[in-house]
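Residue strings, one per chain:
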Amino acid sequence: MDTFALVVVVGVALFFTYTNGFHDSANAIATSISTRALTPRVALLMAAGMNLAGAFMGSGIAQTVSEGLIETPTGSHGMVILFAALVGAIVWNMITWYFGLPSSSSHALFGGMVGAALAGSITVYWDGVLEKIVLPMFISPLVGMGLGYLVMTAILWMFRRANPNRAQRGFRIAQTVSAAGMALGHGLQDAQKTMGIVVMALVIADVEDSGDPIPVWVKLAVAAMLSLGTYAGGWRIMRTLGRRIIELDPPQGFAAETTAASVMYATAYIFHAPISTTHTITSAIMGVGATRRVKAVRWGVAKNIVAGWFITMPAAATVAAISYFFTNLIFG
């Protein structure tokens, strides 16, 4: 039964990673596609490859997820909690994907973990949730928006005398690099979150000990599923990020991607904080767009996106708690 439960939980975790890939692929490439710097298929292929590479660039975030948010549960009860947490995250991912709302897969996962832990009477490390999840959830979009505004302002000043057509062509090329950097950061951030869940499952099943290095097969499996999901594409969300918030040109797309990628690398390597790639790129787009004029940003769309940010964790937690109740009723 324990082996079967482990296989099920790992399988569901990998499926979550797949949904994360197609849900969040827009984060890395929507701006490049909307400015026509890259064709959709080329952009998706590039993003999938960079996601794969990014998954092998660290393990600090995986440790935060596996040890810093909830007490590691034990036995079959622990497997039920992890299963319920993943179901909560997957269901919310699918709902927001259907409506084209770029909510955070990361916060759906964290909400699912907290909801399942509370339903299963497992200790939640609220200090860890506050420090590693809630504070970065508010701070990273503000940093992304402010930094995006400053980067775009600097670009406008530096290229104020440049030939407009040549500048546009140059920034289309530059966007290939910035989009790759964004996709690499997405792999660095989001692949590790699922790795943390799989590691928890392996510890619960006594296959691994807490504190052991992440097995190579876990990194490969998670990275592969994230890349496959990314290549499947998230066209609904791409439209929201690429055009509905603001019509972007290549310099703006470059500024937004460079800003978001920088924030993701800094939080991953310096703070080991699993921030939302969705929040970061969306806020960077808003900051960049505001340099044109504040009214150029479609704040009505932005307001709906921000509302989605606030309800993601509670909504995923609720679904996870309900999932725990029924799963425990059947298998508990």
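Provided above is the structure to which this section pertains.
Computed from a predicted model, the values in this text were never measured in an experiment.

Visitor: I would appreciate a short explanation of a nonpolar patch on the surface in the present structure.
Guide: Residues L130, L135, F138, I139, V143, L147, Y149, L150, F310 and I311 make up a contiguous nonpolar surface patch of roughly 900 Å² in combined accessible area. Among the secondary structure elements, those contributing two or more residues to the nonpolar patch are α6 (126-158) and α12 (299-331). If you tally residues by element for the nonpolar patch, the top one is α6, at eight residues. Within the element layout of this structure, Y149 appears in helix α6.

Visitor: Please clarify how the packing of aromatic side chains should be interpreted in this entry.
Guide: With the rule as written, the count across this model stands at three aromatic pairs. Centre to centre, the rings of F159 and F171 are 5.1 Å apart; their planes meet at 70 degrees, and the pair counts as edge-to-face. Of this pair, F159 sits in the loop between α6 and α7 (164-204) while F171 sits in helix α7, placing them twelve residues apart in sequence. On the basis of relative accessible area, F159 is assigned to the partly exposed category, the value being 41%. Consider the rings of F325 and F326, whose centres lie 5.3 Å apart with planes at 80 degrees: the pair is edge-to-face. Exposure remark for F325: the relative accessible area of 49% places this residue in the partly exposed category.

Visitor: How should unusual backbone geometry be read in this particular structure?
Guide: The general pattern is negative phi for most residues beyond glycine and trans for most peptide bonds. The backbone phi angle of D206 is positive, close to 60 degrees, even though this residue is not glycine. With phi around 55 degrees, H272 is a residue other than glycine that occupies positive phi space. Its location among the elements puts H272 in the loop between α10 (250-271) and α11 (277-289).

Visitor: How do you make sense of the packing of helix α5 (residues 105-119) against α7 when you look at a structure like this?
Guide: Packed helix pairs are specified by the crossing angle of their axes together with the interaxial distance, meaning the distance between the axes. Interhelical geometry of α5 versus α7 gives an angle of 25 degrees and a closest axis separation of 10 Å. The angle between α5 and α7 places the two elements in the roughly parallel class. The two elements α5 and α7 cross, and the hand of that crossing is left-handed. Contacts from S106, L109, F110 and M113 of α5 reach α7 at D190, K193, I197 and M200. When grouped by side-chain class, the residues that make up the contact of α5 with α7 number five nonpolar, one polar and two charged.

Thresholds applied
Residues numbered from 1 in each chain as written. Predicted model: local features only at pLDDT ≥ 70, side-chain atom pairs only at ≥ 80, totals over all residues. Heavy atoms only, no water. Patch = residues over 30% accessible without salt bridge, like charges linked within 9 Å, V, L, I, M, F, W, Y side chains within 5 Å. Areas by Shrake-Rupley, 256 points an atom, 1.4 Å probe, with all protein chains shown as cover. Salt bridge = Lys/Arg side-chain N within 4 Å of Asp/Glu carboxyl O. Helix = DSSP H or I, 4+ residues; strand = E, 2+ residues; numbered from the N terminus. Phe/Tyr/Trp six-rings, centres within 6.5 Å; stacked < 30°, edge-to-face > 60°. Buried < 20%, exposed > 50% of the residue type's maximum accessible area, 1.4 Å probe, protein only. Axes fitted to C-alpha atoms, helices over the stretch in contact; angles between N-to-C directions. Parallel < 35°, antiparallel > 145°, perpendicular 65-115°, else oblique. Left-handed = near helix turned anticlockwise from the far one by under 90°. Contact = heavy atoms within 4.5 Å. Nonpolar A, V, L, I, M, F, W, Y, C, P; charged D, E, K, R; others polar.

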